[in-house]
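These are the residues of each chain, in order.
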Amino acid sequence: MKRRGILFCCLFILALVVVYLQPVFFQRVSPSRPLFDNPVKAPTNLNYEPIKADGLAKAIGEPLSDFEEDFGSPIRTYRTGYDFEGRVYNHLDDQQYLEINTDGESVQAIKVIGQGGASLAPFSIGMTMTDLTELTMIYPNFTLSQNDRSVSFELMEQDMNYRPLVAFDNGTFAVLFFDQTTSELAAVTYLDQTTLLKLSPYQLTEGELPLFQESQTVNQETAALEKETLAFVIIQKMRDQKELESFGMALDTHSEAKDLLQEITENLSDHLTSQRIHAYQKALTAERTSTFTLTQEEWQDILKEKEISTVSSIFEAPVYDPTFTILSWYSDPSVYNVLSNQTPEKIGIAFSKANMVVLIQEDENEHTEDSTSDDL
């Protein structure tokens, strides 16, 4: 009898062990139900997978002469002050804006705003993120080999939803810019790997970035004026897409923007802590993990000292490619709202090498001098 009791206890304990430890030794993943209808597909591997190159992705890296056989001569050329220039083409139609980056020999980047004759295949202006996920997964992590060294960067949630990156099988990439309010594709930038890393639109997690080299033959003041005009044009193009009234380009606002930029770049220690100055200086090096912008408190201090009234103000560094930077701003909700305000306002834009200031003020009298180009 005693033996039976001991046997019963042993069997009972064994049964408990089997029942309670079964999930540990025989793990099974149960299907989870998503809480939100998120169109971004979860990637199945750590690094990205390219898709077949099509449309303008095939033109990246080709000789400039071949590109202009198809698109004609540029209607405008912008000097950047660095080792590339911007060229604008408009022979196809008036609805689509097409600009390239080139070193004078090959096509390094192609930026397209709006619907038109240039092929964006497999993408299309107006497509949604759901449409994009039918073509490819949206990958958060990219590791690239640059000069035999690894460079890794990561897309944040906002990047994945409004500024995703797509890789092609010919070694080129596309940054897609989705509108904040409609969630529809508004613009695309195709670019080679080196240009992607130099612009560095995503958060660096490993390695060092290649840098744009300052031009020794271009006058920086001349380049600044040309970039100011270009930035104004791009902001207007984006406002046109939203059917918003154009900003006025006022001489007084432009002068105050230049004054602010000079104050920031020449008297940085008067307004920023040593830690923030270090962050600014690092943003201009190969080790930068992101761009540098002024905080609201820092802006208030500078504006108060200069006795300048403003609706909104932006300072960012480095800005090498004004068009690319402005398109990136439209994927940032806070900046998007500033640039998409429906109230009549005047704008001032200033450049000093890779430093950029945008100043937006109330347009009380609406007496402005418009500097838009008739060609653009």
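We now turn to the structure provided with this report. (Residues numbered from 1 in each chain as written. Predicted model: local features only at pLDDT ≥ 70, side-chain atom pairs only at ≥ 80, totals over all residues. Heavy atoms only, no water.)

So, the pattern of salt bridges
The tally for this structure, following the rule as stated, stands at 14 salt bridges. Residue Lys-258 is joined to Glu-228 by a salt bridge in which the shortest nitrogen-to-oxygen separation is 3.4 Å. In this pair, Lys-258 sits in helix α7 (residues 251-266) while Glu-228 sits in helix α6 (residues 220-241), placing the two residues 30 residues apart along the sequence. For Lys-258, a relative accessible area of 34% puts it in the partly exposed group. With a shortest N-O distance of 3.1 Å, Asp-252 and Lys-346 are connected by a salt bridge. Taken together, the positions of Asp-252 in helix α7 and Lys-346 in strand β14 (residues 345-352) put the pair 94 residues apart, joining distant regions of the chain. Note on Asp-252: relative accessible area 41%, which makes it partly exposed. Ionic contacts of the salt-bridge type, sharing partners, join the residues Glu-68, Glu-85 and Arg-87 into one network. (Salt bridge = Lys/Arg side-chain N within 4 Å of Asp/Glu carboxyl O. Helix = DSSP H or I, 4+ residues; strand = E, 2+ residues; numbered from the N terminus. Buried < 20%, exposed > 50% of the residue type's maximum accessible area, 1.4 Å probe, protein only.)

Concerning the layout of surface pockets
By volume, the largest pocket amounts to about 880 Å³. Looking at the largest pocket, it is lined by 40 residues, and the ones nearest its centre are Thr-291, Thr-293, Glu-316, Trp-329 and Asp-332. Only α4 (157-162), α9 (296-306), β13 (312-317), α10 (322-329) and α11 (333-339) provide two or more residues apiece to the lining of the largest pocket. Of the residues forming the lining of the largest pocket, the biggest block, five residues, is contributed by β13. Among the residues forming the lining of the largest pocket, the class breakdown is 17 nonpolar, 17 polar and six charged. In this structure, the second largest pocket encloses a volume near 270 Å³. Every residue lining the second largest pocket is listed: Gln-220, Glu-221, Ala-224, Leu-225, Lys-258, Leu-261, Gln-262, Thr-265, Glu-266, Phe-351, Ser-352 and Lys-353. (1 Å grid on protein atoms, 1.4 Å probe; cavity = no way out; pocket = protein on both sides within 12 Å on 5 of 7 lines; lining within 4 Å. Points joined across faces, edges and corners; volume = space filled by probe spheres on them. Nonpolar A, V, L, I, M, F, W, Y, C, P; charged D, E, K, R; others polar.)

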